[in-house]
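An overview of the molecular structure
This is what each chain is made of:
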Amino acid sequence: MSDIRRSREDKQSAPIVSVLPIRQEGNADKERCARQTAAFFGATYLERRGRSVEELFAKTSANVVVLAGDEPSLIHRQAPEMALRYHPGMSLLRLREHQRGRQDRLLRAIGVRPGDVVLDATCGLLGDALLLAAGVGQSGRVIAVESTFLVARLMQYAVRWTRSIPPDVAEHLAGIEMLWGDSGRILSKLGDASVDAVYFDPMFHHPLERSAAMEPLRIFANHQVLTRDVFADACRVARRTVVIKCRLGDKLLSDLPVLPDKTNASFAFAVWQRGRP
Ligand SMILES: C[S@@+](CC[C@H](N)C(=O)[O-])C[C@H]1O[C@@H](n2cnc3c(N)ncnc32)[C@H](O)[C@@H]1O
């Protein structure tokens, strides 16, 4: 697991404060844990004193409040009514289907095999990474990369300490190597054919569906588009496959040497395979 350090730039552009949920105020143990959580997120710990999140935004220059409860959540000044937290959501249903022997569409598109090393270059809330971890099994590796510091931190917390999930989910999560960084930069430093597959799921400008879990992520996420150079690097690094989640009409399907896994769905997995003409 890589260490995460915040850059000076990051600190200046996004002041963060951390508080306890109101119901936990006055509990010395919870407060001690909350101070540790604040440090983990690079946030300044504040006494809550019964203040609402709106009051905290009004009284501080913070852009983000970290609610340092048993499982932390992030609230952004732009949308104080929403909280970003880890929850397996739909990926739990996908995992259960996979366990019943119905192959997951992403795992099929990538051609994941037990023992594979897969780089999830845009891991977000680790929904797909959870399926990848199940697909590669204990002998494989999933390296998950997230460029937004706070989202990366939230997911690092999730893979280590989330309790409110089934044990098998926790076990898959614990095996994921969760990195903070720009995947383009990370790929540029990896050797040729050093992983089996690379997967990209960049943010869509217009989401496919409004999901309660993904909506708060939109505020925190990096909305950068995938460039040709990064794609070329992914093809250099992948022994077998590079897969990009995209809309069916996306220009990348005609611009890049990829084939969609489906032509009659709301989105496609655009697949590049080494050696395919
Ligand atoms: C659509 S979400 C991924 C959702 C994820 N597949 C899941 O199942 O939860 C895209 C994520 O990639 C991150 N991201 C965008 N560009 C990135 C980059 N260059 N390097 C690493 N992460 C990036 C965004 O911040 C966002 O969290």
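See the structure shown above.
Throughout, residues of each chain are indexed from 1 in the direction in which the sequence is written. Owing to the predicted nature of the model, reporting of local features is limited to residues with pLDDT of at least 70; listing and counting of side-chain atom pairs is limited to 80 or more, with chain, interface and lining totals taken over all residues.

Remarks on the overall build of the chain
The cut-off we apply is this: Secondary structure counts use DSSP, requiring at least four H or I residues in a row for a helix and at least two E residues in a row for a strand, with both numbered from the N terminus. We compute the radius of gyration from the C-alpha atoms alone; for a globule the expected value is 2.2 Å times N to the 0.38, where N is the number of residues. Any residue whose C-beta has 12 or fewer other C-beta atoms within 10 Å is treated as exposed, any with 20 or more as buried, and any in between as partly exposed, C-beta atoms being built from the backbone.
Broken down by element type, the chain carries twelve helices and eleven strands. For a compact globule of 277 residues, the expected C-alpha radius of gyration is about 19 Å, and the chain comes in at 19 Å, within 12% of that figure. Each principal axis of the C-alpha atoms in the chain carries an extent, and together these give about 65 × 35 × 35 Å. In the chain, which comprises 277 residues, the share counted as buried stands at 38%.

A word on the sheet that holds strand β1 (residues 16-19)
The criterion, for reference: For two strands to pair, DSSP has to find at least two bridges joining them.
Overall, mixed pairing links the four strands, which are arranged β2-β1-β3-β4 in an open sheet. Edge positions in the sheet fall to β2 (44-45) and β4 (73-76), since each has one partner strand and no second. Here β1 pairs with strand β3 (residues 64-67) via four bridges, running parallel. When the sheet's bridge partners are listed, I16 is paired in β3 with V64.

A short note on the site of the ligand
Threshold: Only the C-beta atom matters for this test: placed from the backbone, it must lie within 6 Å of a molecule or strand for the residue to be near it. Each residue receives one of three labels: charged for Asp, Glu, Lys and Arg, nonpolar for Ala, Val, Leu, Ile, Met, Phe, Trp, Tyr, Cys and Pro, and polar for the others, Gly being one of them.
Inspection of the region around the ligand gives 22 residues, with T122, G124, G127, S147 and A221 positioned closest. Every element with two or more residues in the shell around the ligand is listed here: α6 (127-136), β6 (141-146) and α9 (183-189). Across the shell around the ligand, the residue classes tally to nine nonpolar, nine polar and four charged.

Observations concerning unusual backbone geometry
The phi dihedral of R49 is positive, around 50°, even though this residue is not glycine. Residue placement: R49 occurs in the loop between β2 and α3 (53-59). Phi is positive for A193, which is not a glycine, with a value near 45°. Of note, A193 is situated in the loop between α9 and β8 (195-200).

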